[in-house]
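Chain and residue survey
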Amino acid sequence: MNQQPVVGSSEGRLGVLLPGLGAVATTFIAGVEAAKRGLAAPFGSLTQMNTIRLGKRTEGRSPLIKDFIDLAALDQLVFGAWDPIADDAYDSAVTAGVLERSHLDPLEDVLRAVEPMPAVFDTAYVKRLDGPNVKTGANKRELAEQLREDIRRFKAENGCERAVMVWCGSTEIFLRPGDAHRTIEAFEAAMEANSPDIAPSMLYAYAAIMEGVAYANGAPNLSADVPALERLAIERGVPISGKDFKTGQTLMKTILAPGLKARMLGLSGWFSTNILGNRDGAVLDDPDSFKTKEESKLGVLEHILQPDMYPELYGKMYHKVRINYYPPRGDNKEGWDNLDIFGWMGYPMQIKVDFLCRDSILAAPIVLDLAIFLDLAQRSGMKGIQEWLSFYFKSPQVIEGLYPEHDLFIQQKKLKNTLRWLGGEEPITHLGVEYYE
Ligand SMILES: NC(=O)c1ccc[n+]([C@@H]2O[C@H](COP(=O)([O-])OP(=O)(O)OC[C@H]3O[C@@H](n4cnc5c(N)ncnc54)[C@H](O)[C@@H]3O)[C@@H](O)[C@H]2O)c1
């Protein structure tokens, strides 16, 4: 275990910068504002509601996480955003149709005040969208410099002590890491050469890291998940994390699959299909954006079930994921899962899951926790990839050469033990050696 860090004070305002002011971002902002006014509870958020056990069970110490460790409070958060669509957070929330007017209208003033800054946006990377609120510049490096300027101005105008950035923008087309992403020199040269290998989300990540702003990526596109930006984050002492908020169907997968494996039950197939009709669904209707999402969703089972270690149980597993754009459903997605499993002597069984979920309702508390925990990491001098935040992601970002941990319960243990470590407490191993002492 590394030397225990000193956690810097959370005093002052924390800027929460959001590239993408769509369904997730506006549901997040509205929920925080509603919670601040006592109009709604922040269900789903560990930073607001979860406790943490400290020491032995007999000690009876289980404070709220936020009472155990110094976290930024909701009334310290100030929101900023970029979006190619110029709607303010109120109009965008109405368009998204996630929250009812009875929840939005009492917050109209504060939501109207969040107006998106002009975005770095290119339809080559998100083909099903367009909007007029975009930056222009001679090359991508210049655009990144404009984002840095936005960050500095936002912090100054809003009196922010610190800031974090959470990508809530659309899923970009599938890109493979290549030479342009290998070193920071190559990355900067590629920005200057306007290389197609540099997607807009990478420019936001670069700008954030250069400004000492922790960065999380809620979408599956590469963004900061390239060696050049990982190295830059370490050099500049900035925490980063990603990718792709773990909500809906993948959340269920990472709850169910560890259970099947824990009981050594076999799996011959898992078919997942979704219908959704929000703007995200429209973007994912484009095969190039869907490919990015598909890669992110497919990795999960493979890593949890370890077919190489258990070939008879999982070696022949057939895994298929489908996303269908179906406008009548809006943000209220329906995800069907069919699991073909087998048990004792190979007898087959089936499990059917029909999850009528609300994507943005599941994603909003993740944005909040990531903002608050990344700020904690930043104040504690933690830098580079924050694997302890894998809990929140479908495709946890890991150091090159390591495999990601997908099991929700291992991820939760890692998150809580990291908090215990930061707070100067012993990790909990669940090793019951009390009777032998
Ligand atoms: N809702 C969920 O449960 C969930 C789960 C995992 C990941 N995600 C991802 O989170 C992201 C946001 O989801 P959403 O439902 O809010 O989508 P959305 O379409 O409602 O919002 C995305 C917004 O990003 C904007 N945008 C696109 N490119 C941009 C750029 N370069 N700079 C700034 N803004 C840009 C769009 O104009 C849009 O307003 C998507 O990538 C989605 O795949 C969502």
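No experiment lies behind these values; they were computed from the predicted model shown. (Residues numbered from 1 in each chain as written. Predicted model: local features only at pLDDT ≥ 70, side-chain atom pairs only at ≥ 80, totals over all residues.)

1. Remarks on the environment of Glu188
Its location among the elements puts Glu188 in helix H8 (residues 184–192). Taking the C-alpha atoms as reference points, Glu188 and Tyr206, separated by 18 residues in sequence, lie 9.6 Å from one another. (Helix = DSSP H or I, 4+ residues; strand = E, 2+ residues; numbered from the N terminus.)

2. Thoughts on the nonpolar core
In this structure, Val164, Val166, Leu203, Val213, Tyr215, Val367 and Leu370 are the most contacted members of the largest nonpolar core, which totals 104 residues. Composition of this core by domain shows at least three residues from each of domain 1 (13–245 + 361–422) and domain 2 (248–358). Listed in part, the twelve residues of the second largest apolar core include Leu260, Leu267, Val300 and Leu305. (Core = buried A, V, L, I, M, F, W, Y, C linked by C-beta atoms within 7 Å. Buried ≥ 20, exposed ≤ 12 C-beta atoms within 10 Å, placed from the backbone. Domains from an automatic or database assignment.)

3. Quick look at the site of the ligand
Close to the ligand lie 37 residues; Gly20, Gly22, Ala219, Arg279 and Asp359 are nearest. Listing elements by their share of the shell around the ligand, those giving two or more residues are helix H1 (23–36), helix H12 (279–284) and helix H15 (359–379). Partitioning the shell around the ligand into residue classes produces 21 nonpolar, eleven polar and five charged. Taken domain by domain, the shell around the ligand gets at least three of its residues from each of domain 1 (13–245 + 361–422) and domain 2 (248–358). (Near = placed C-beta within 6 Å. Nonpolar A, V, L, I, M, F, W, Y, C, P; charged D, E, K, R; others polar.)

4. Re helix H7 (residues 140–157)
With 18 residues, H7 extends 26 Å from end C-alpha to end C-alpha; this agrees with the ideal 26 Å at 1.5 Å per step. Along H7, the residues classified as buried are Lys140, Arg141, Leu143, Ala144, Leu147, Asp150, Ile151 and Lys155. Within H7, the buried residues cover an arc of 165° as seen down the axis, which keeps them to one side. Exposed residues pointing more than 90 degrees away from the buried face of H7 are listed as Glu149, Arg152, Arg153, Ala156 and Glu157. Residues of H7 that are buried make contact with strand S1 (13–19), strand S3 (160–167), H8 and helix H9 (200–210). (Expected span 1.5 Å × (residues − 1). Arc of directions from axis to C-beta. Contact = placed C-beta atoms within 7 Å.)

5. Some points on the packing of H9 against helix H10 (residues 227–235)
A pair of packed helices can be characterised by two numbers: the angle between their axes and the separation between those axes. In contact at an axis separation of 9 Å, H9 and H10 are set at 15° when each is read in the N-to-C sense. As far as their axial angle goes, H10 and H9 are roughly parallel. Crossing handedness for the pair H9 and H10: left-handed. Contacts from Ala205, Tyr206 and Ile209 of H9 reach H10 at Leu229, Leu232 and Ala233. (Axes fitted to C-alpha atoms, helices over the stretch in contact; angles between N-to-C directions. Parallel < 35°, antiparallel > 145°, perpendicular 65-115°, else oblique. Left-handed = near helix turned anticlockwise from the far one by under 90°.)

6. Let's talk about the domain arrangement of the protein chain
When the domains of the protein chain are assigned, the result is domain 1 (13–245 + 361–422) and domain 2 (248–358). On a C-alpha basis, the centres of domain 1 and domain 2 stand 25 Å from each other. Counting residues at the interface gives 28 residues for domain 1 and 30 residues for domain 2. Elements represented by at least two residues in the side of domain 1 that touches domain 2 include exactly H15 and helix H16 (408–422). In the side of domain 1 that touches domain 2, the residues fall into 14 nonpolar, seven polar and seven charged.

7. Some thoughts on unusual backbone geometry
Trans is the common state for peptide bonds, and a negative phi is the common state for residues other than glycine. Across the junction of Gly242 and Lys243, the peptide omega takes the value -10°, indicating a cis bond. Non-glycine residue Gln306 carries a positive phi angle of around 50°. Residue position: Gln306 is located in the loop between helix H13 (287–305) and helix H14 (311–314). Under the C-beta neighbour-count criterion, Gln306 is labelled partly exposed, with 14 such atoms within 10 Å.

8. Observations regarding the pairing of strand S8 (residues 332–342)
Sheet analysis places strand S6 (residues 266–276) next to S8, joined by nine bridges and oriented antiparallel. When the bridges of S8 are listed, Asn274 appears paired with Gly335. Where S8 meets strand S9 (residues 348–358), eleven bridges bridge the pair, whose relative direction is antiparallel. In the strand pairing of S9, Asn332 is matched with Arg358. In sequence, S8 turns back onto S9 through a hairpin of five residues, with Met345 there showing a positive phi of about 65°. (Pairing = 2+ DSSP bridges.)

9. Structural notes on the sheet that holds S3
Reading across the sheet, the six strands line up as S2-S1-S3-S4-S5-S10 and stay open at both edges, with parallel pairing between neighbours. For this open sheet the edge positions go to strand S2 (77–82) and strand S10 (384–385), each flanked by a neighbour on one side alone. By the bridge criterion, four bridges tie S3 to strand S4 (residues 214–217) in an arrangement that is parallel. In the sheet register, Trp167 faces S4, and the bridge partner there is Asn217. On the sheet, H7 packs against S1, S2 and S3 and is oriented at approximately 145° with respect to S1.

10. Looking at the packing of H7 against H8
Where H7 contacts H8, the axes come no closer than 5 Å and their chain directions differ by 105°. Of the possible angle classes, the one that applies to H7 and H8 is roughly perpendicular. Contacts from Lys140, Arg141 and Ala144 of H7 reach H8 at Glu188, Met191 and Glu192. A per-class count over the contact of H7 with H8 returns two nonpolar, no polar and four charged.

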